[in-house]
Amino acid sequence: MILFSLASVPLPLQVYGGLVWTLVATLIGTLATLATSSFLTDCLFGWVMFVSVFCFVFTTLWILLFLCGCNQSSIWPTLDVFYHFVAVLFYLSASVILAYFTIGIGLGPSNVVILKIYRLAISAVVMSFLATLFYFLHAIFSAIRWKRS
């Protein structure tokens with residue numbers, strides 16, 4: 001029961017989601033100063049930023065709704081499962097995009113600035129996959145709660 005209640009706490013979702021948001025924003029800013037941005041890169045990073053901001057904001061709203069006690073209706077467990085599985089799909093797609101971009105950086109020419117971008121991209125990928133894992137765990141435990149209700 002302790003594991004069930006610990007995995008239901010959305011704090012790791014907020015922490016890792018916020019880290020992804022910060023790291024990707026820093027990565028975009030660093031790439032913009034190098035003028036190496038392309039339309040495809042902008043679209044891919046746009047999706048990653050949308051996912052991280054969307055999930056961060058909606059998870060914050062979700063926490064506030066639960067803290068206010070607005071989750072007493074029978075529809076809430078279903079909405080909880082639905083939201084967290086959508087967040088898992090979103091974060092998984094964003095993580096794969098970030099990993100693809102990071103592999104591309106690692107295969108290119110290397111200098112001090114590129115190495116900094118590469119390390120920043122690696123940390124964004126790791127945090128993004130961790131956020132995906134935590135959203136997945138939360139979705140599984142939400143589904144268990146939904147089946148019990």
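Because the structure is predicted, anything quoted here is derived from the model rather than measured.

Cut-offs and rules
Residues numbered from 1 in each chain as written. Predicted model: local features only at pLDDT ≥ 70, side-chain atom pairs only at ≥ 80, totals over all residues. Heavy atoms only, no water. Core = buried A, V, L, I, M, F, W, Y, C linked by side-chain atoms within 4.5 Å. Buried < 20%, exposed > 50% of the residue type's maximum accessible area, 1.4 Å probe, protein only. Contact = heavy atoms within 4.5 Å. UniProt positions renumbered as here; feature names shortened; annotations may be inferred. Helix = DSSP H or I, 4+ residues; strand = E, 2+ residues; numbered from the N terminus. Salt bridge = Lys/Arg side-chain N within 4 Å of Asp/Glu carboxyl O. Patch = residues over 30% accessible without salt bridge, like charges linked within 9 Å, V, L, I, M, F, W, Y side chains within 5 Å. Areas by Shrake-Rupley, 256 points an atom, 1.4 Å probe, with all protein chains shown as cover. pLDDT = per-residue confidence, 0-100.

**Student:** Explanation requested: the nonpolar core in the structure shown.
**Tutor:** One recurring pattern in soluble globular proteins is that nonpolar side chains are buried together. Within the largest apolar cluster, 29 residues are counted, with the highest numbers of intra-cluster contacts made by Val24, Leu27, Phe45, Cys55, Tyr91, Leu98 and Tyr135. Every residue in contact with phenylalanine 45, bar those within four places of it in the chain, is listed here: Val24, Leu27, Ile28, Leu31, Leu98 and Phe101.

**Student:** Whenever I open this one, the UniProt feature "transmembrane region" (unreviewed entry) in the protein confuses me. Can you help?
**Tutor:** With numbering aligned to this structure, UniProt lists the feature "transmembrane region" (unreviewed entry) at residues 12–32, 44–69, 81–105 and 117–141. Here residues 44–69 runs as 96% helix and 0% strand, with 37 Å between its end C-alpha atoms.

**Student:** How should the pattern of salt bridges be read in this particular structure?
**Tutor:** Oppositely charged side chains may form a pair once their charged atoms are brought near each other. Counting across every chain of the model gives 1 salt bridge. Among the ionic pairs, arginine 145 bridges to aspartate 80, the shortest N-O distance being 2.8 Å. Here arginine 145 is found in helix 5 (residues 112–148), whereas its partner aspartate 80 is found in helix 4 (residues 76–107), with 65 residues between them in sequence.

**Student:** Any chance you could explain the environment of valine 48 here in plain terms?
**Tutor:** Looking at where valine 48 falls in the secondary structure, it is placed in helix 3 (residues 39–68). The contacts of valine 48, once residues within four sequence positions are left out, are Val24, Ala94, Ile97 and Leu98.

**Student:** Honestly, a nonpolar patch on the surface in this entry has me stumped. Any pointers?
**Tutor:** Where nonpolar side chains cluster on the molecular surface, the patch consists of Phe85, Leu133, Phe136, Leu137, Ile140 and Ile144 and spans about 430 Å² of accessible area. Of all the elements, helix 5 adds the most residues to the nonpolar patch, at 5 residues. Looking at the element boundaries, phenylalanine 136 is found in helix 5.

**Student:** Just to check I follow, could you spell out the confidence of the model for the protein for this structure?
**Tutor:** Predicted coordinates in areas of low pLDDT are best not read in detail. Averaged over the protein, the pLDDT score is 81; the fraction of residues at 70 or greater is 87%. No element of the protein has a lower mean pLDDT than helix 1 (residues 2–7), at 43, and none a higher one than helix 4, at 90. For the stretch residues 1–7, pLDDT sits under 50, and the model shows 6 contacts to residues farther than four places along the chain or on other chains.

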